[in-house]
Structure formats: C-alpha cells, structure tokens
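Read off the chains here:
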Amino acid sequence: MVHCEHLRYLEPPRGSRPSRDLTFKFYTDGKLVIIDNDTGNTMSPRELSGGSYDFYVRQRIRLIKRNLAEKIMKYA
C-alpha cells in the first residue's frame, strides 16, 4: 500500500523574487509531487532553488533514512 506525506513550505521573498507557497507530496513508492499553491501548477525538483530546494533535499534524505530503518527492523 502506498502512503503519502504532505508537507508545506513557505519560502520567504529574496531580493526581487517573490515568496513561494509549495506543497510537497512524498509517496512511499518514491514518487514526488510538488504543487505551487499560488498557481496550482505542479513543479519538478529542477525548478526549485534556495530554501525550497534545501527543504526538498532534507525531506528526501529523512524519508530515505526512515525507509532504511524500517527495512532493517523488518529483516533483522
């Protein structure tokens, strides 16, 4: 069964770039959906920069570590 974890990131404005309001949907099968809440459009990780990219990378690493820990517990 595939589970989904929704996380919201509010990126503060930087210089001339406006703030971003993003929703990240991380699925247990590895799928990722990033939604720009201002426009409703989906984005790819390549379109992220600054704080939003850092947030994405940290969450991806956290989920990978959790997945590995669950597998170690299951098969140990």
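Before reading further, recall that the structure is shown in the block above.
What counts and what doesn't
- Residues numbered from 1 in each chain as written.
- Predicted model: local features only at pLDDT ≥ 70, side-chain atom pairs only at ≥ 80, totals over all residues.
- Heavy atoms only, no water.
- Helix = DSSP H or I, 4+ residues; strand = E, 2+ residues; numbered from the N terminus.
- Rg over C-alpha atoms; globule rule 2.2 N^0.38 Å.
- Buried < 20%, exposed > 50% of the residue type's maximum accessible area, 1.4 Å probe, protein only.
- Salt bridge = Lys/Arg side-chain N within 4 Å of Asp/Glu carboxyl O.

1. Thoughts on the overall build of the protein
In terms of helices and strands, the protein carries one helix and four strands. Starting at the N terminus, the α and β elements of the protein follow one another as β-β-β-β-α. Over its C-alpha atoms the protein spans a radius of gyration of 14 Å, topping by over 25% the 11 Å that the globule rule assigns to 76 residues. If one aligns the C-alpha atoms of the protein with their principal axes, the spans along those axes are about 50 × 20 × 20 Å. Within the protein, the proportion of its 76 residues that are buried is 28%.

2. A look at the pattern of salt bridges
Under the defined criterion, the tally for this structure stands at five salt bridges. Glu5 serves as the salt-bridge partner of Arg62, at 2.6 Å between the closest nitrogen and oxygen. Of the two residues, Arg62 is situated in helix α1 (residues 50–75) and Glu5 in strand β1 (residues 4–11); the sequence distance between them amounts to 57 residues. Residue classification places Arg62 among the partly exposed positions, given a relative accessible area of 31%. For Glu11, the salt bridge is made with Arg20, and the minimal N-O distance between the two is 4.0 Å. The exposure classification of Glu11 matches that of Arg20, with both residues buried. One salt-bridge network, held together by shared partners, links Glu5, Arg62 and Arg66.

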